[in-house]
Amino acid sequence: MDALRSRLSTTGAPPLHTVELSRLAISNRIFAAVYASAVLTLLYHHVATLRSLLFQYISSTTKISSLLISTALLISDVVLAFMWATSQSFRMLPLYRREFPEYLNNEEMKSEDFPAIDVFICTADPYKEPPMNVVNTALSVMAFDYPEEKVSVYVSDDGGSALTLFAFMEAAKFAVHWLPFCRKNDVVERTPEAYFSANYHSLSPETQRIKTLYESTKARVENVVERWKVGDEYITGEKEREAFSKWTDGFTRQDHPTVIQVILDNSKDRDITGHVMPNLIYVSREKSRTSAHNFKAGALNVLIRVSATMTNAPIILTLDCDMYSNDPQTPLRALCYLSDPEVESQVAYIQFPQRFHGINENDIYGCEHKRLYKINPVGLDGLSGPDYFGTGCFFRRRAFFGGPSKLVLPEIEELGPDYVVKKPIHSQEVLNLAHGVARCNYENRTQWGHKIGVRYGSLVEDFFTGYLLQCEGWKSIFCNPDKTAFYGDAPISLVDVLNQNKRWAIGNLDVSFSKYCTITFGSRSMGLLMGLGYSHYAFWSIWSIPVAVYAFLPQLALLNGVTIFPKISEPWIILYLFLFLGAYGQDLLEFVIGGGTFQRWWNDQRMWLIRSLSSYLFGAIEYFLKSLGIFTINFDVTNKVLEDEQSERYKQGVFEFGVHSPMFVSLTTASITNLVALLWGLLLVFLGGKSAFEELFVQMIIAAFAVVNCKPVYGAMCFRNDKGGLPAKTTLLSTFFALSLFLVAFITLRN
Ligand SMILES: O=c1ccn([C@@H]2O[C@H](COP(=O)(O)OP(=O)(O)O[C@H]3O[C@H](CO)[C@@H](O)[C@H](O)[C@H]3O)[C@@H](O)[C@H]2O)c(=O)[nH]1
Ligand SMILES: [Mn+2]
């Protein structure tokens, strides 16, 4: 890296990156001031109402229920106000960056000038994460436009599966053809799967040959996966036999010794043109039922250590198994920042956005997460930088070892970020050390997971680690080129989406209630705006409070003819309108400026409501049960395969329920309540005329808004006979809960 830096500074090269403040920054600030005044006025209104109700209650002129309703509304609006305030950190200083990798790639650059990169790919379950897809991810990074001898790919297999190892051995045999093919033909899509599905007509004989080769590799791997066993006929060499001999009878995914297999070694292996191949190393860390393995965070720490013993590259790219590279120039883009002396000493990581392929036209589940992965990071970039998304991120290895000015050294010298590996990766000494540092009790009494490496203690290890690095004083950069750098899989059935978001919600609460609370510790370490920005995520699950209140309270009151909002003729109504339209309008505007469509935005806001009533609510409940020791929580890996029928429905934009889940019950209960309330309200207005309309207007609007949002639920409840509808059990339970709520409301509100 130093060589690169000095070459760049002596040649007087043009800037490698530029930055520009978003034009929205000023208008955002003005709007924030106006909106804040409106929020304060509303809260004042609430407090004043509550105060007078309290006096009335003391003098017995009002019922306890009015007092409770006002308190619930106050709490909800305080939560909404808090979330609004935290989201302002994304709006004060949004930055847009551009980088110019073409200036790096000039003739004067020699391959020695490029820093080495260790790429980490995590996989955990060959059922949910088909090995052939993981292989595609690996091939796409092995084929980066980057000196091959500088790239090492480490695959962590938490599934401890011989099938995955087999897939990689096959992949290596294919890679010796694939890499030169990509180089020679300047292939854009460097995963064979994406390439052959984009280029399927009139193939040249050479392409046809590669395609046949790929297909036979794929067939072999899929065959083995299907039979769940690497049959003898597939094992060709002695080296392979020895590798698979580790899978003895007692070998299970929860209990097994370390397996480290150097599949490709750049000091020996060459492609068919005689060109050097990147290193490819399979790592399955030791597992035992009696020791905590800390899910993906644990896997990454093992990779940090194993790679340190073998290559110890100064740059680390972390990828999820489904996150393949879509642009071979991506590492050069990261280098535009990492080689800049001004940026480099402070910057821990360069985060690329998470993008997904296979999302349907209107993104019915809001899986694009435009806010999370595109809009908000642009905002944080103007402060200390974006949070870490867990994938598509280039780290400086040094960042895992203490703050920028406080190096924390690991327990053995060989793992330090500046240690130079002198032995080749196949040497026994290196292999012994690598096996040693992958043991499950290696971390006992060390700083790993606490002061060194990826941090333990949260199910969203990515968010937590990025956060703590920034608290240590590191900065980060959001690199969002026009050409998508990486593509991943998004879950495409509702229950998978909600489970994934529930895991995130729990992980975020782990952070909020740790000693590193984002409001206190975060604001102290990084400044108020960054602390608030991180709090916006850490306190994600409290969205469930206002959404649940607004999904039930106005409706239950409506059913009993009780008015809980100002009448349509009162001036306060303008404040409510402004607050609602202001927030929604700004959200829509940002979404569209971020490249979204109205339909996608609509679905995105619907999913926000749905998640609040399900993932966030149940996430919070499970978190508290876990804190009480009643519940243990696992990292449930998101499913990356689907039945054809499901995919077909998804493509058509139809919601997929299919199974029973408690999270569907809360959602369906809300849907029923709102529909009944709306119909009842219409009846009241019809019978009661103008005054009923005036009094119940706001409540009816809320119910109507919810009903429009719940449309897919009604469809799934009553009008579907495919497998994706709501199971009768869910519908019955929800109807029962809705009726119980009506009864409770009737008793409390009427008396
Ligand atoms: O014990 C485990 C569990 C998971 N993983 C890997 O972690 C990655 C992410 O898992 P996935 O099920 O795809 O979770 P997502 O919710 O889709 O992932 C997001 O959220 C995670 C945190 O919850 C982050 O780790 C991811 O980077 C981020 O993309 C996958 O490659 C898994 O193979 C492991 O290596 N070991
Ligand atoms: Mn994923």
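Residues numbered from 1 in each chain as written. Chains lettered and ligands numbered in written order. Predicted model: local features only at pLDDT ≥ 70, side-chain atom pairs only at ≥ 80, totals over all residues.

A separate point is the overall build of the protein chain. From N to C terminus, the protein chain includes 24 helices and 13 strands. Whereas a compact globule of 751 residues would reach a radius of gyration of roughly 27 Å, the protein chain reaches 28 Å, a difference of no more than 12%. Within the protein chain, buried positions represent 46% of all 751 residues. Contacts in the protein chain between residues at least 24 apart in sequence constitute 83% of all its contacts with a sequence separation of at least 6. (Helix = DSSP H or I, 4+ residues; strand = E, 2+ residues; numbered from the N terminus. Rg over C-alpha atoms; globule rule 2.2 N^0.38 Å. Buried ≥ 20, exposed ≤ 12 C-beta atoms within 10 Å, placed from the backbone. Contact = placed C-beta atoms within 7 Å.)

Domain assignment breaks the protein chain into domain 1 (23–92 + 527–750) and domain 2 (101–490). Each of domain 1 and domain 2 was reduced to a C-alpha centroid, and the two centroids are 40 Å apart. When residues of the side of domain 1 that touches domain 2 are traced back to their parent elements, those giving at least two are helix 17 (528–538), helix 19 (572–593), helix 20 (598–627) and helix 21 (644–651). (Domains from an automatic or database assignment.)

So, on to helix 5 (residues 162–185). Across its 24 residues, helix 5 extends 34 Å between first and last C-alpha, which sits within 8% of the 34 Å expected from 1.5 Å per residue. The sharpest bend along helix 5 measures roughly 40 degrees and falls at Ala 175. Of the residues flanking the end of helix 5, it is Asp 186, one or two places downstream, whose phi is positive at about 50 degrees. (Expected span 1.5 Å × (residues − 1). Bend = angle between axes of the 7 residues up to and from the residue.)

Taken together, 24 residues form the shell around ligand 1, and within it Cys 122, Ala 124, Asp 320, Gly 390 and Thr 638 come nearest. Residue assignment for the shell around ligand 1 shows that the elements contributing at least two residues are strand 3 (117–123), helix 9 (295–310), helix 14 (461–471) and helix 15 (494–512). A class-by-class count of the residues in the shell around ligand 1 yields 10 nonpolar, seven polar and seven charged. Domain assignment of the residues forming the shell around ligand 1 places at least three in each of domain 1 (23–92 + 527–750) and domain 2 (101–490). (Near = placed C-beta within 6 Å. Nonpolar A, V, L, I, M, F, W, Y, C, P; charged D, E, K, R; others polar.)

What follows concerns the pairing of strand 7 (residues 315–320). With six of six residues buried, strand 7 lies mostly within the body of the structure. By the alternation rule, side chains of strand 7 split into Ile 315, Leu 317 and Leu 319 and Ile 316, Thr 318 and Asp 320, which are all buried. Pairing geometry for strand 3 and strand 7, over six bridges, is parallel. If you follow Ile 117 over to strand 7, its bridge partner there is Ile 315. In terms of strand pairing, strand 7 meets strand 11 (residues 393–396) through four bridges, oriented antiparallel. Bridging from a neighbouring strand, Ile 316 pairs with Phe 395 of strand 11. (Pairing = 2+ DSSP bridges.)

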